[in-house]
Amino acid sequence: MGDEDKTIEHEELEPSTGVNHTTSTCQETQEETVMNLKGIDGNEPTEGSSNLFNSSEIRLQETPTESNRFQRLRQTFACPPHGSLDRVITNVTIVVLLWAVVWSITGSECLPGGNLFGIIILFYCAIIGGKLLGLIKLPTLPPLPPLLGMLLAGFLIRNIPVISDNVQIKHKWSSALRSIALSIILVRAGLGLDSKALKKLKGVCVRLSMGPCLVEACTSALLAHFLMGLPWQWAFILGFVLGAVSPAVVVPSMLLLQGGGYGVEKGVPTLLMAAGSFDDILAITGFNTCLGMAFSTGSTVFNVLRGVLEVIIGVAAGSLLGFFIQYFPSSDQDKLVWKRAFLILGLSVLAVFSSVYFGFPGSGGLCTLIMAFLAGLGWASKKAEVEKIISVAWDIFQPLLFGLIGAEVSIASLRPETVGCNRICGFGHSKITWRETVRRIWNGCVDSSIFGHPHHSPNWKSADWFAGPQASPES
């Protein structure tokens, strides 16, 4: 038994002996490598030999990196392609296919000079402009917003001669697309409102929405009336145009902050989204009220009360539609989220367009905002899924909105005399007060017929704004 035990122990020790022998062999090889780098007299390696050793290590380290790059290139240019090349080919195919499908249906409308061709080109260019501007990184500054690139793309399309001749969009289509974008962004604002924060900050919201808009509109109206001589109606029209806040700029930024958790505890995103949306609705109502007073021959009191009537109609219609969407469709239906998203988008677009048709343009936006807010209260947990679908719709109409806004600016229609430059070119060598500057700019505008009225003259006065033998609302 003792001999058998010794035999077993000897067999168990043999593998470990082999392992130790292998380890010692590796160590000897490393020692030989080091000894080979020593000098003949057994001293430590010199500086040149150590550099040679380091360079060999570097080459060994660079070999995997080069192989990874080679593999990446092989994957990019493989057949069939993969990676970025495959992505580029797919996107280009989608773009061309979209144009081809529209062309096969509409024919000449999708060829250069056609309306649909202009919309498609503007849409693509606005997306590319937003992407390119997002790549610009300035030190110590936040990234530039994509909407700036979309505006620039529309501006360039309108003002480059060859492109502007082939990319043309009818005004009716442009106005309709912008109205749809407005309805979508107001839906996003209404769904993004926090009821608890809004209830706590309702007083601040009213002051923030009405105060800056009215103060800016009144200040601009006073300056326009006393410095430029505009009639009070047109002065307030200018004031409400300048005092409006763009929800298309404010709402997406606040939704990003709200999604990141910034200011949610204090209710800052909700406050700014609600105040910005109501500010825009107030500016639209004030603008249309003053415009009706400027062109209408009816009672001034009726035109003022018409603005109040727009608010009442908007609140009533929005409340009714909001409660309707809360219960229809019911929660036991299939594809519930898609049905709710379709209903709220369809009703919002209908509210905006029908309010313009019936002569109450300010009520459409207010109706959309209240309807989306009440619908979000009833949907509770399902609201986030609807918001995702609405955000996809906004991603489609955002390039169209800002691209169309940029395309509205035409340099060809701005002559130097239009802005009074022919009267202020000689200011450099003389001391002229700012009142004289404003007077010369105004006279230049009048002389160049910037207002397009056939009865304007250098001696024009504010009382004669619509004076003339054939003055009419059309003129």
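**Student:** What should I look at first to understand the overall build of the chain in this one?
**Tutor:** From N to C terminus, the chain includes 18 helices and 0 strands. Across the 475 residues that make up the chain, the buried fraction comes to 32%. Of the contacts made within the chain by residues no fewer than 6 positions apart, 68% connect residues no fewer than 24 positions apart.

**Student:** Which parts of the structure should I look at to understand a nonpolar patch on the surface?
**Tutor:** Taken together, Val301, Leu305, Val308, Leu309, Ile312 and Ile313 make up a surface patch of nonpolar side chains, about 510 Å² in accessible area. Note on placement: Ile313 falls in helix α13 (residues 300-327).

**Student:** Even after reading the chapter, I still don't get the packing of aromatic side chains, so can you show me in this structure?
**Tutor:** Centre distance and the angle of the planes are the two values used to describe a pair of aromatic rings. One pass over the full model with this rule turns up 6 aromatic pairs. Judged by centre distance (5.8 Å) and plane angle (85°), the ring pair of Phe226 and Trp232 falls under edge-to-face. When its relative accessible area of 35% is taken as the criterion, Trp232 is described as partly exposed. Put simply, the rings of Phe226, Trp232 and Phe236 pair up and form one aromatic cluster.

**Student:** Help me understand the nonpolar core, please; the structure alone is not making it clear to me.
**Tutor:** Grouped burial of nonpolar side chains is what soluble globular proteins tend to show. Among the nonpolar cores identified, the biggest contains 60 residues, and Leu191, Ile344, Ile390 and Trp394 are the most heavily contacted of them. Among the elements of the structure, α4 (115-134), α5 (146-159), α7 (171-192), α11 (247-259), α12 (268-295), α14 (336-357), α15 (361-379) and α16 (383-407) are those that each provide at least two residues to this core. For this core, the element with the most residues is α16, which contributes 10 residues. Dropping the residues within four chain positions of it, Ile344 is found in contact with Val187, Leu191, Ile325, Met371, Ala372, Ala375, Trp379 and Ile390. Core analysis: the second largest hydrophobic core is formed by 7 residues, Ala217, Phe240, Cys290 and Ala294 among them.

**Student:** Which parts of the structure should I look at to understand α16?
**Tutor:** One turn of the α-helix equals 3.6 residues, which is why residues spaced by three or four share an orientation. In a regular helix each residue adds 1.5 Å, so 25 residues correspond to 36 Å; α16 covers 35 Å between its end C-alpha atoms and thus fits that length. At Phe397, α16 shows its maximal bend, which comes to roughly 35°, and the proline Pro399 appears one to four places after that position.

**Student:** Even after reading the chapter, I still don't get unusual backbone geometry, so can you show me in this structure?
**Tutor:** When glycine is set aside, most residues are seen to have a negative phi, and most peptide bonds are trans. Here Phe328 and Pro329 are connected by a cis peptide whose omega angle stands at 5°. Structurally, Pro329 can be placed in the loop between α13 and α14. Non-glycine residue Lys335 carries a positive phi angle of around 50°. Among the structural elements, Lys335 can be located in the loop between α13 and α14.

**Student:** Looking at this structure, I do not really get the pattern of salt bridges. What am I missing?
**Tutor:** Going through the model one piece at a time under the given rule, you end up with 2 salt bridges. Arg178 is the partner of Glu408 in a salt bridge, and the nearest nitrogen-oxygen pair spans 3.8 Å. One end of the pair, Glu408, is in the loop between α16 and α17 (421-424); the other, Arg178, is in helix α7, with 230 residues separating them in the sequence. Note on Glu408: relative accessible area 40%, which makes it partly exposed. Between Asp334 and Lys339 there is a salt bridge; the shortest N-O distance is 3.7 Å.

**Student:** For this particular structure, what's the right way to read the side chain of Asp280?
**Tutor:** By the secondary structure assignment, Asp280 is in helix α12. Buried charge Asp280 goes without a salt bridge, the closest partner of opposite sign being Arg178 at 12 Å. In this view, Asp280 contacts Leu182, Ala244, Val245 and Pro247; residues no more than four positions away in its chain are not counted.

Procedures and definitions
Residues numbered from 1 in each chain as written. Predicted model: local features only at pLDDT ≥ 70, side-chain atom pairs only at ≥ 80, totals over all residues. Heavy atoms only, no water. Helix = DSSP H or I, 4+ residues; strand = E, 2+ residues; numbered from the N terminus. Buried < 20%, exposed > 50% of the residue type's maximum accessible area, 1.4 Å probe, protein only. Contact = heavy atoms within 4.5 Å. Patch = residues over 30% accessible without salt bridge, like charges linked within 9 Å, V, L, I, M, F, W, Y side chains within 5 Å. Areas by Shrake-Rupley, 256 points an atom, 1.4 Å probe, with all protein chains shown as cover. Salt bridge = Lys/Arg side-chain N within 4 Å of Asp/Glu carboxyl O. Phe/Tyr/Trp six-rings, centres within 6.5 Å; stacked < 30°, edge-to-face > 60°. Core = buried A, V, L, I, M, F, W, Y, C linked by side-chain atoms within 4.5 Å. Expected span 1.5 Å × (residues − 1). Bend = angle between axes of the 7 residues up to and from the residue. Lys, Arg positive; Asp, Glu negative; His and termini not counted.

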